[in-house]
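Chain by chain, the residues run as shown.
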Amino acid sequence: MQLTIEFGGGLELLCNSVKIHNVNVQPEAGQEKVTMKDLLSWVQRNLIKERPEMFIKGDSVRPGVLVLVNDCDWELSGQLETTLEDKDVIVFISTLHGG
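The structure reproduced in this document is the subject of the present report.

Concerning the packing of aromatic side chains
(1) Moving on: According to the stated counting rule, one finds 3 aromatic pairs in the structure shown.
(2) Moving on: Taking the centre distance of 5.9 Å and the plane angle of 65° together, the rings of Phe7 and Phe55 count as edge-to-face. Separated by 48 residues along the polypeptide, Phe7 in strand β1 (residues 2-8) and Phe55 in the loop between α1 (36-46) and β4 (56-57) bring together distant segments of the chain.
(3) Moving on: On the accessibility criterion, Phe7 (4% relative accessible area) is buried.
(4) Moving on: Relative accessible area serves as the criterion here: at 0%, Phe55 is assigned to the buried category.
(5) Moving on: Relative to Phe92, the ring of Phe7 has its centre 5.5 Å away and its plane inclined at 25°; by these criteria the two rings are stacked. Of this pair, Phe7 sits in strand β1 while Phe92 sits in strand β9 (residues 89-94), placing them 85 residues apart in sequence. For the residue pair Phe7 and Phe92, the accessibility class agrees, reading buried in each case.
(6) Moving on: Taken together, the ring pairs in this structure connect Phe7, Phe55 and Phe92 into an aromatic cluster.

Now the structure itself:
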């Protein structure tokens, strides 16, 4: 499944300062779909290069990280249980940054 993952608000610094990632994510063994919970685990293993605690807390994102799936707040679509589809765009934006 082809996905576009974008990081903003300083989170891109955790991924070698790369803001946009076009990735191929496959369902876990024995599953037919990819959920946001699966994607967060995949992102932590494959994209986050340093300080994962700034992005992940437990099995979800840290408080202060806005998550959009196809420009819709993931809180409206089921958060961790949101089912992803091919060509979805997932955006992670930190709302906690200096200014």
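Here's the deal with the nonpolar core
Generally speaking, soluble globular proteins have nonpolar side chains that are buried together.
(1) Moving on: Phe7, Leu39, Phe55 and Phe92 are the most contacted members of the largest nonpolar core, which totals 27 residues.
(2) Moving on: Those elements that provide at least two residues to this core are β1, α1, β6 (65-69) and β9.
(3) Moving on: Excluding anything up to four places from it in sequence, Phe55 contacts Phe7, Leu11, Leu14, Leu40, Val43, Ile48, Ser60, Val61, Arg62 and Phe92.

Quick word on the side chain of Thr4
(1) Moving on: Along the chain, Thr4 turns up in strand β1.
(2) Moving on: For Thr4, the contacting residues outside a window of four places in its chain are Ile20, His21, Asn22, Asp88, Val89 and Ile90.

About the criteria used
Residues numbered from 1 in each chain as written. Predicted model: local features only at pLDDT ≥ 70, side-chain atom pairs only at ≥ 80, totals over all residues. Heavy atoms only, no water. Phe/Tyr/Trp six-rings, centres within 6.5 Å; stacked < 30°, edge-to-face > 60°. Helix = DSSP H or I, 4+ residues; strand = E, 2+ residues; numbered from the N terminus. Buried < 20%, exposed > 50% of the residue type's maximum accessible area, 1.4 Å probe, protein only. Core = buried A, V, L, I, M, F, W, Y, C linked by side-chain atoms within 4.5 Å. Contact = heavy atoms within 4.5 Å.

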